[in-house]
Amino acid sequence: MQPIRGTPWTGLTGATLGFFFGFAAVALFGPTAARFQELMGLTPEQVGLLVAVPALSGSLLRIPFAAWVDTTGGRKPFLILMCLSLAGMLGLTLVISLDELSPGLYPLILFLGALCGCGIATFSVGIGQISYWFTMAGQGKALGIYAGVGNLAPGIFSFLLPVILASFGLRGAYLVWLFFLVCGTIGYFVFGRNAPYFQLLAQGLEPAAARQAAREHGQQLLPAGSLRQSLFLSARAWQTWILVALYFTTFGGFIALTAWLPTYWQALFAIGAVTAGMLTALYSVLASVVRVFGGMVADRLGGENTVLASLLIMLAGAVVMTLSESFPLSVTGIVLLAIGMGAGNAAVFKILPQEVPQAVGGAAGWVGGLGAFGGFVIPPLLG
């Protein structure tokens, strides 16, 4: 057999490192927007756009870059996204180092923020890359670990950011985050490998021979063709749009509540900003941890059964939150929502390779990109 570099678990390690630190690039941007407002005299609308831009670019770029996985494997698109995110963070670090920030720099900061958002777009690339590495029986666990550990980044860095800002200041914080991003890029470069089929193509084998040899190496999923074919085939599959709707609810809801809960806790129970932030971080971390175990549950019970159970748990949590007038009851409702959303997020990507095996990358792009858009749509409705 042709030599293959890496294993499914090294591929999972590389993608997880890259996504975790790519997410970190955006974790810094939102909380420091108030500092940009102070230094540049921005309007509330300008600050809102500044905070939204990285998440928006990170969501929309998931679609084409994830489909690209079906043609070349995940390594090239993942590294390009990480390098773009590095460029954005480096640019912001240089801008912050200026003695004076004029309002005229606002378009440049918006652009650099959009580049930082490329770190989030790595999510769907990693989904496709890992799906091609692992067998159907083990994909729930692998994808749950990947997404769950990666989604821990906002919660972890929400704890670290105040300490780093207090210790090093705004400029120092951007340098520290730049270092994090460099570590993630190097980690992915070292460990992140394409599945056997894509490595065999790169070695010069014809597609038919590469398919046969990839099967001999244990690869079960094989792509259909070009980037356009991947997007078209996945868009034609009705299962893709059911999964988009599910992910819009589970992950879009997760992002929306992460942004909304500080306001909820402070407005309803008049608690301090620090306590509200800790409760929000607890919700975020719990949902991410549950996502890891949700993938394992989906391997055992099936993705469809796990999604159904998760939606019922989310419904129970939403009912509790709607009726609650007490702090302990609201905490119970948030815990139920975190468990339901975490398990549902994992189960969606357990189902995806089974239902759209001919275009996993394209489907991951649609689901990851449009599903995450719920994070923009839901907060105004909550308001």
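Please read these numbers as outputs of a predicted model, since none were measured by experiment. (Residues numbered from 1 in each chain as written. Predicted model: local features only at pLDDT ≥ 70, side-chain atom pairs only at ≥ 80, totals over all residues. Heavy atoms only, no water.)

Undergrad: Account for the confidence of the model for the protein chain, with residues named and values stated.
TA: In the predicted model, the protein chain carries a mean pLDDT of 85, and the fraction of residues at 70 or more is 95%. By mean pLDDT, the top-scoring element of the protein chain is helix H14 (residues 303-323) (93), and the lowest-scoring one is helix H17 (residues 374-382) (66). (pLDDT = per-residue confidence, 0-100. Helix = DSSP H or I, 4+ residues; strand = E, 2+ residues; numbered from the N terminus.)

Undergrad: Explain the nonpolar core to me, and be specific about the residues and the numbers.
TA: Within the largest apolar cluster, 112 residues are counted, with the highest numbers of intra-cluster contacts made by Phe36, Tyr146, Trp177 and Phe349. A per-element tally of this core places helix H8 (residues 139-191) first, with 19 residues. The residues contacting Phe349, other than those within four sequence positions of it, are Phe123, Ile127, Leu143, Tyr247, Arg291, Val367 and Gly368. (Core = buried A, V, L, I, M, F, W, Y, C linked by side-chain atoms within 4.5 Å. Buried < 20%, exposed > 50% of the residue type's maximum accessible area, 1.4 Å probe, protein only. Contact = heavy atoms within 4.5 Å.)

Undergrad: Explain the packing of helix H3 (residues 44-60) against helix H4 (residues 62-72) to me, using residue names and the numbers behind them.
TA: Put simply, H3 and H4 touch, their axes get as near as 5 Å, and they point 35 degrees apart. Residues Gly58, Ser59 and Leu60 of H3 touch H4, and the partners they reach there are Arg62, Ile63 and Pro64. (Axes fitted to C-alpha atoms, helices over the stretch in contact; angles between N-to-C directions.)

Undergrad: Outline helix H13 (residues 273-301), listing residues and values.
TA: Helix length check: H13 (29 residues) gives 40 Å between terminal C-alpha atoms against 42 Å at 1.5 Å per residue, within 8%. Two residues or fewer past H13, Gly302 is found with a positive phi of approximately 95 degrees. (Expected span 1.5 Å × (residues − 1).)

Undergrad: Got a sec to walk through the packing of H13 against helix H15 (residues 327-355)? Specific residues and values, please.
TA: Two numbers describe a pair of packed helices, the interaxial angle and the distance between the axes. Relative to each other, H13 and H15 sit at 40 degrees, their axes nearing to 7 Å. The angle between H13 and H15 places the two elements in the oblique class. Crossing of H13 against H15: the hand is right-handed. (Parallel < 35°, antiparallel > 145°, perpendicular 65-115°, else oblique. Left-handed = near helix turned anticlockwise from the far one by under 90°.)

Undergrad: An account of unusual backbone geometry is requested, with residue identities and associated values reported.
TA: Glycine aside, residues mostly have negative phi angles, and peptide bonds mostly take the trans form. Residues other than glycine seldom take positive phi values, yet Ala270 does so here, at roughly 55 degrees. Summarising the element assignment, Ala270 is placed in the loop between helix H12 (238-269) and H13. Note on Ala270: relative accessible area 68%, which makes it exposed.

Undergrad: Please set out the packing of aromatic side chains residue by residue, giving values where relevant.
TA: Counted according to the given criterion, the structure contains 26 aromatic pairs. With a centroid separation of 5.4 Å and 35 degrees between ring planes, the pair formed by Phe19 and Tyr146 is classed as tilted. Of the two residues, Phe19 sits in helix H1 (residues 8-29) while Tyr146 sits in helix H8, which places them 127 residues apart along the sequence. What makes Phe19 buried here is its relative accessible area of 0%. Here Phe21 and Phe180 contribute two aromatic rings whose centre-to-centre distance is 6.2 Å and whose plane-to-plane angle is 35 degrees, an arrangement assigned as tilted. Here Phe21 is found in helix H1, whereas its partner Phe180 is found in helix H8, with 159 residues between them in sequence. (Phe/Tyr/Trp six-rings, centres within 6.5 Å; stacked < 30°, edge-to-face > 60°.)

Undergrad: How would you explain a nonpolar patch on the surface if you had to name every residue and give the values?
TA: A cluster of nonpolar side chains, contributed by Val182, Ile186, Phe189, Val190 and Phe191, occupies part of the molecular surface with about 430 Å² of accessible area. Structurally, Val190 can be placed in helix H8. Exposure remark for Val190: the relative accessible area of 44% places this residue in the partly exposed category. (Patch = residues over 30% accessible without salt bridge, like charges linked within 9 Å, V, L, I, M, F, W, Y side chains within 5 Å. Areas by Shrake-Rupley, 256 points an atom, 1.4 Å probe, with all protein chains shown as cover. Salt bridge = Lys/Arg side-chain N within 4 Å of Asp/Glu carboxyl O.)

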